[in-house]
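Structure assessment
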Amino acid sequence: MSNHQALVEALLMKSILGQELVDTKFHLFSGRSALPRKVTRLQALFANDVVLTARSEFFAELLSRTGSPDAAFVNFDGGSDFEDGMALDDYGYASDSDLEDEEEEKASQTPLSDVTAVLEGHISESDDDDDDDDDDDDDDDLLVVADARSEIDALASPPQAATSIASAPIQHKPRVINCRNILVRDTAFRTLKALLLYLYTDKIVFSPLKSQGPPKTDVKTPNLSTSWPCSPKSMYRLASKVRLDSLRDQAFSAIRSSLDAGNVLQELSSSFTSKYPAILQMHVEVLLQHIASVPVIQNIPSLVRRITDSQLPHGADIIIDLYQKLLLRYHPQALALANTPIERELPPDPQLDGDLAKLKSPAPPMEKNTSKGGKKKKKQM
């Protein structure tokens, strides 16, 4: 039996015995507002400590110690201090792709239909015959909306029609659960939600990069009822933090497969790329593969200007890595020769120099032996 299967069975046994399956409640932001600059919409995720501690050493340390191993994971009393959001500068990852921009959501909303207008109480003056009646109060309006909703629902769908779980989730009153509350200050709700699902199921689904543009119509979208997609960049960052190497590598591969000539320069110049050397090197490799493409030829001068204007903190690393990869491709012998360690002269050592001088000096003449029997006779001419 695998470790993952054993965890699942342990949770099933706890559920059969009626034991509580939720031990930790994570609070995370899911939205981002440009004016004012802040993260918004605090939401909660629930997890079981058995799964967390068995799958990740990071979470084992987080849940076992009094203090947090990471400053972004802090104990939270569940109060209303962050109901209005938190300043974007205090959020550890301002460019998080898994944060939903509120302005984009408003722009993408379709105009109100007649049915929606009735349900929301947007009734035009021409349809309101009781404009001069001051006795209408808010309670009456609510009753009208409720009645309108019932009639429209009855007309729009046949009786006893089965409703999709994904389209019309059943709303339950939240239970009061005695568990530890943790505020996560630098990770989006969507990212941690995907991570928790991975810890439970070993499955992960990644969204396309925003730099790829809107998804194509022929691309199959993931089933949201069985998977929770997240940004591969956001997951790479989170998986690196919680030390899940396998998940980090899957996110790395997803980022790599999402790069092409049209977005490699944009991704190369991102703040995310500047924080991870392995990501930067991978982007430079992709850039070299598309170095002769039209988008790269047209846009690389802009990248170079940003580097020279000190707009990119990792600009020097881009130039150095690009130059080294060019040498490796076209002049590997020269690069190998340049990387060969050169022997450096040792600093002078007075004692060593004195010993060497003694060795180099001529030996002193030997004294003649004047003892009897040892005296040499001169040769007669």
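Structure report, in brief. Every residue gets a number counted from 1 within its own chain, in the order that chain's sequence is written. Two thresholds apply to this predicted model, a pLDDT of at least 70 for residue-level local features and 80 or more for giving and counting side-chain atom pairs, whereas whole-chain, interface and lining totals are computed over all residues. Side-chain figures throughout are based on the complete set of non-hydrogen atoms in the structure, without hydrogens or water.

A closer look at the environment of Arg190
Rules: Secondary structure elements are defined from DSSP: runs of H or I of at least 4 residues count as helices, runs of E of at least 2 residues count as strands, and each element is numbered from the N terminus. In this scheme, a residue with accessible area under 20% of its type's maximum is buried, one over 50% is exposed, and one in between is partly exposed, where area comes from a 1.4 Å probe on protein chains only. The contact criterion used throughout is that any non-hydrogen atoms of two residues lie within 4.5 Å.
Looking at where Arg190 falls in the secondary structure, it is placed in helix H7 (residues 189-201). Here Arg190 falls in the partly exposed class, since its relative accessible area comes to 26%. Sequence separation between Arg190 and Glu100 is 90 residues, and the spatial gap between their C-alpha atoms is 9.3 Å. For Arg190, the contacting residues outside a window of four places in its chain are Asp98, Glu100, Pro229 and Cys230.

Brief notes about the pairing of strand E1 (residues 24-33)
This is how the line gets drawn: Strand pairing is assigned whenever DSSP detects at least two bridges linking the two strands.
Of all 10 residues that make up E1, nine are buried, and the element is covered over most of its length. Judged from the nine bridges that link them, E1 and strand E2 (residues 38-47) form a sheet pairing that is antiparallel. Across the sheet, the residue bridging to Leu28 is Gln43, located in E2. Here E1 folds back onto E2 in antiparallel fashion, the turn holding four residues. Sheet topology places E1 next to strand E6 (residues 180-188); five bridges connect them, and they run parallel.

What about helix H1 (residues 3-16)?
Which entries qualify depends on this criterion: One less than the residue count of a helix, multiplied by 1.5 Å, gives the span that helix is expected to have. Summarising the geometry, the arc corresponds to the directions from the helix axis toward the C-beta atoms.
With 14 residues, H1 should cover 20 Å at 1.5 Å per step; its first-to-last C-alpha distance of 20 Å lies within 8% of that length. Looking at H1, one finds that the buried residues are Leu7, Leu11 and Lys14. Relative to the axis of H1, the buried residues are bounded by an arc of 60° and lie together on one face. The exposed residues of H1 that point more than 90 degrees off its buried face are Met13 and Ile16. Residues of H1 that are buried make contact with helix H2 (49-55) and H7.

Considering the packing of helix H8 (residues 232-241) against helix H9 (residues 245-257)
For any two helices packed against each other, one specifies the crossing angle of their axes together with the interaxial distance. Definition in use: Think of each axis as a best-fit line through the C-alpha atoms, taken over the contacting stretch in the case of a helix, with angles from 0 to 180 degrees between the N-to-C directions. Our angle categories are set so that under 35 degrees counts as roughly parallel, over 145 as roughly antiparallel, 65 to 115 as roughly perpendicular, and the remainder as oblique. Crossing handedness: left-handed means the near helix sits turned counterclockwise from the far one by under a right angle, and right-handed means the same turn made clockwise. Classification used: nonpolar for Ala, Val, Leu, Ile, Met, Phe, Trp, Tyr, Cys and Pro, charged for Asp, Glu, Lys and Arg, polar for all others including Gly.
Between H8 and H9, whose axes approach to 8 Å, the crossing angle comes to 155°. It follows that H8 is roughly antiparallel to H9 by the angle criterion. Note that H8 runs across H9; the crossing there is left-handed. From H8, Pro232, Lys233, Met235, Tyr236, Ala239 and Ser240 reach across to H9, where they touch Leu247, Arg248, Ala251, Phe252, Ala254 and Ile255. Grouping the amino acids of the contact of H8 with H9 by side-chain chemistry returns nine nonpolar, one polar and two charged.

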